[in-house]
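Structural characterization, general
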Amino acid sequence: MAVSPGSDAAFTSQKSTLSENPRTKKFPLTEEEIFYMNCRAAYLTIFKSSLENIISKDQLCLALQYAGRNPSQKTINKYWTPQTAKLNFDDFCIILKKEEPTSKAELLKSFKQLDVNNDGCILHTDLYKFLTKRGEKMTREEVNAIINLADVNADGKFDYIKFCKLYMTTNEQCLKTTLEKLEVDSKLKRQQFGSHVERPPERDPSPVTKQSPRIIRKNDQETFSNKGDTRSPLLSTSRKFKTSVSFTITMSANSNRNSKLTEPNVKDWQYVQSKGCFFLEEDGEIISHQYRMQIAQKSMIYLTIKPLNLSQVEGKLSPWSSVDTALYILKENESQSNLQLMCFTEQRNREVFGWTGELGPGIYWLIPSTTGCRLKKERKPITEEAQLVYRDETGELFLTEEFRLTLLDIFEVIDLDGNGLLSLEEYNFFELRTSGEKCDEDAWAICRENFDTRKNELTRQGFMDLNLMEANHQEGDPRDLWVTLHSMGYNKALELTEACPFVIDVYAEKCKPRIKAVHLEGCSGQLEKAICKSVLNKGNSKVMDGYENIIIHTYNCDTWITSVIENKSDNKVIIHINNELSKNCINNRGLNVFAVEVAPKSTMVCQHVMPLNEHQEWLYCCVYSLI
């Protein structure tokens, strides 16, 4: 339990310090901007540049400590696995978002459990026993380091109240020193790759009146960089890069009345449906169901994907309905590894994305996609945990009404074919997601004997009873139930915040399509290739001046903008991306400024950008610079 040499927990004191800076009086920093400034300050305490990588466990631990975290070995091992070779600054920011700094209240609560006399002190013998025998065990040398702190130890006792005060004061002072060093060191201030700048761009809610769409010429950069308060420190330093290109696109506000997706007359067409879900992993990766579709003969196809509305209130959409959904259709040629991009659902009507066209006979893969702009890790603190089970006066265990309603929603999500029953195949997608293991035929037979089934499939009531059995098996301890809920995207308040269920509808004019979920895996690999190919086919492109082998491709529809970097050269390149002049925009990386490394002879998705408020005009302005 070593004292960490830095913290962003002192939020209030930082705000007062920052507000004294004349540069920030007009534009007070948001909580998120302060977070990224602290990330950069901690990182640059160890490294000369944000483009340097963390290359060892020790460096990761030290960087986290400078950022005010007190990582255990278990935490370090979670982010630095045997397969990890390096972590970049973006990875570091993601880790800090997940690992909240320890508060004084949390420290005091932990120590109070050992305070048998309730006098603010713990006997050294008890402290040794606790720290060397429980949890992640400390060595005697590490415990001695704590006991030898003169200010908090006397007469064989450890004064944990003084220790907590010392811990927080040290954190605040170290962070203040680090930030002051960043402020006065002009060389460090220019090292802003992969983070927000200290001074945010102008927050002007008024509509942008530029013509739409257009691409800025290189010499237009000077115009932008001299517009008073909109001037960007990074834009002015872009002249230090080898070369830069800019894209600017002004997008109008989306209106639900303006539909580009037109449904054909499908009255006599054959129809199939399947449900699925996007899940947000701990590391920020998004995984989803993927499907194989068989078309028996050449036919017109109408295909849509949209978020699955689970709201019980008529006319009210579920909160995740604002998450963008898309579907890429790839044809299988001879093998699963040889897939040809056919189309994707780029037309939209409200929350529905669709495509209409002709497909020949064959096997097709349907790969769902979401940009990640709106499906992100939740940072809202939950103060009160929902109750899942309770006992009546006889001691019998029951599921709470709130938990039962949540289980009914989960049932709707995992009932992929929508027939109101769970097959073994559907149930195993649920099992793989929540426990990592499949249920075999023998176990399923036992399940059928003990729980309500119909046609060899589990009913809603059977699914409820199965969860009640699990609660009884754990004697009312809800921890395993919470593992299931968190895996399905629910927070402690039973809100679905880290998942987005969706539904796919397929209509065919001349034959009945067959669709089957076959995988639940990361939205990468084939999807990355499909996105890159679609952007290269449909987007605008611009070559880096003097570097004809480096091309920036940008595709925009009325809902999002995707940029792809193509590196045709034989060497890897590092591209610096600056979105600071964009307005009313969010991107999937969560950073206004960052850098990416592009391997030789490769193409990669750089970023997805969406409007923060789609009812207002939004301006995408991005500068790509070769480092």
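Given the structure is predicted, the values throughout are model-derived calculations rather than measurements.

Rules and cut-offs
Residues numbered from 1 in each chain as written. Predicted model: local features only at pLDDT ≥ 70, side-chain atom pairs only at ≥ 80, totals over all residues. Heavy atoms only, no water. Helix = DSSP H or I, 4+ residues; strand = E, 2+ residues; numbered from the N terminus. Buried < 20%, exposed > 50% of the residue type's maximum accessible area, 1.4 Å probe, protein only. Contact = heavy atoms within 4.5 Å. Areas by Shrake-Rupley, 256 points an atom, 1.4 Å probe, with all protein chains shown as cover. Core = buried A, V, L, I, M, F, W, Y, C linked by side-chain atoms within 4.5 Å. Pairing = 2+ DSSP bridges. Axes fitted to C-alpha atoms, helices over the stretch in contact; angles between N-to-C directions. Parallel < 35°, antiparallel > 145°, perpendicular 65-115°, else oblique. Left-handed = near helix turned anticlockwise from the far one by under 90°. Nonpolar A, V, L, I, M, F, W, Y, C, P; charged D, E, K, R; others polar. Phe/Tyr/Trp six-rings, centres within 6.5 Å; stacked < 30°, edge-to-face > 60°. Salt bridge = Lys/Arg side-chain N within 4 Å of Asp/Glu carboxyl O.

So, on to the overall build of the protein chain. Counting secondary structure elements, the protein chain contains 19 helices and 26 strands. Split into buried and exposed, the 627 residues of the protein chain put 49% on the buried side. The long-range share in the protein chain, meaning contacts at least 24 apart out of those at least 6 apart in sequence, stands at 72%. Of the roughly 30,900 Å² of accessible surface on the protein chain, a fraction of 48% belongs to carbon and sulfur atoms.

This part covers the nonpolar core. Counting residues in hydrophobic clusters, the biggest one holds 90 residues, and the most contacted among them are Tyr328, Ile410 and Phe463. Examining the composition of this core, we find that 7 residues originate from one element, strand β17 (residues 499-508), more than from any other. Once you skip the residues sitting within four places of it in the chain, Ile410 turns out to touch Phe430, Phe463, Leu485, Met488 and Tyr490. Formed by 44 residues, the second largest nonpolar core is a distinct cluster that contains Tyr43, Ala67, Ile577 and Tyr620.

Strand pairing within a sheet occurs via backbone hydrogen bonds; the two strands may be parallel or antiparallel. Pairing in this open sheet of 4 strands is antiparallel, and the strands run β4-β26-β22-β24 from one edge to the other. The open sheet terminates on both sides in strands that have one partner only, identified here as β4 (243-251) and β24 (593-598). When the angles between neighbouring strand axes are averaged without regard to direction, this sheet yields 20°.

With that settled, consider the packing of helix α4 (residues 57-66) against helix α6 (residues 89-98). For the pair α4 and α6, the least separation of the axes is 11 Å and the interaxial angle reads 55°. Comparing the axis directions of α4 and α6 gives the class oblique. Two packed elements cross with a definite hand, and for α4 against α6 that hand is right-handed. Mapping the contact onto sequence places Leu60, Ala63 and Leu64 in α4 and Phe92, Ile95 and Leu96 in α6. Here the residues of the contact of α4 with α6 sort into 6 nonpolar, no polar and no charged.

Let us now look at the side chain of Gln290. Structurally, the position occupied by Gln290 is in strand β6 (residues 286-295). The contacts of Gln290, once residues within four sequence positions are left out, are Leu366, Ile367, Pro368, Lys516, Ala517, Val518, His519, Glu521 and Gly522.

Turning to the sheet that holds strand β25 (residues 602-611), a few remarks are in order. The antiparallel open sheet is built from 5 strands, whose spatial order is β19-β20-β21-β25-β23. Edge positions in the sheet fall to β19 (540-544) and β23 (585-587), since each has one partner strand and no second. Taken over all neighbouring pairs, the strand axes of this sheet differ in orientation by 25° on average, direction set aside. In the packing of helix α19 (residues 526-538) onto the sheet, contacts are made with β19, β20 (547-556), β21 (561-567) and β25, and the angle to β25 comes to roughly 80°.

To continue, consider unusual backbone geometry. Phi at Glu475 takes a positive value of approximately 55°, unusual for a residue other than glycine. Within the element layout of this structure, Glu475 appears in the loop between α17 (460-473) and α18 (479-487). The residue Asn584 is not glycine, and still its phi comes out positive at about 55°. Here Asn584 lies in the loop between β22 (573-578) and β23.

With that out of the way, let us pick up the side chain of Asn579. Looking at the secondary structure, you find Asn579 in the loop between β22 and β23. The buried category is assigned to Asn579, whose relative accessible area is 5%. If we skip the residues at most four places from it in the chain, Asn579 touches Asn587, Leu591, Asn592, Phe594, Gln607, Tyr620, Cys621 and Cys622.

Once that is clear, we can look at the pairing of β17. Where a strand is regular, its side chains alternate between the two sheet faces. β17 sits mainly inside the fold: 10 of its 10 residues count as buried. Judged by which residues are buried, β17 turns out to be covered on both faces: Ala499, Pro501, Val503, Asp505 and Tyr507 on one side and Cys500, Phe502, Ile504, Val506 and Ala508 on the other are all buried. Where strand β7 (residues 299-307) lies against β17, 7 bridges are found, and the strand directions are antiparallel. What sits directly across from Thr304, in β17, is Asp505.

Let us now look at the packing of aromatic side chains. In total, this model carries 20 aromatic pairs according to the counting rule given. When the centroid spacing of 5.7 Å and the interplanar angle of 40° are considered together, the rings of Phe353 and Trp560 count as tilted. Of this pair, Phe353 sits in strand β11 (residues 352-359) while Trp560 sits in the loop between β20 and β21, and the two are 207 residues apart along the sequence. Classification of Phe353 as buried rests on a relative accessible area of 2%. Under the relative-accessibility criterion, Trp560 is labelled buried at 4%. Residues Tyr427 and Trp444 carry aromatic rings whose centres are separated by 5.5 Å and whose planes lie at 40° to one another, so their mutual orientation is tilted. Taken as a pair, Tyr427 in helix α15 (residues 424-434) and Trp444 in helix α16 (residues 441-450) lie far apart in primary sequence, 17 residues in all. Assigned by exposure class, Tyr427 and Trp444 land together as buried. Of the aromatic side chains, those joined through ring pairs into one cluster are Phe411, Tyr427, Phe430, Trp444 and Phe463.

Okay, the environment of Thr125 next. Mapped onto the secondary structure, Thr125 falls in helix α8 (residues 124-133). Counting along the chain gives 33 residues from Thr125 to Phe158, while the straight-line C-alpha distance between them is 9.9 Å.

With that settled, the discussion passes to the pattern of salt bridges. For the structure shown, the criterion picks out 18 salt bridges. Across the pair Lys275 and Glu412 runs a salt bridge, and its minimum N-O distance is 3.7 Å. With Lys275 in strand β5 (residues 270-280) and Glu412 in helix α14 (residues 401-414), this residue pair connects regions lying 137 residues apart in the sequence. Exposure remark for Lys275: the relative accessible area of 5% places this residue in the buried category. In this structure Glu412 comes out as partly exposed when scored by relative accessible area, which is 23%. Through salt bridges with shared partners, a single ionic network connects Lys86, Lys572 and Glu597.

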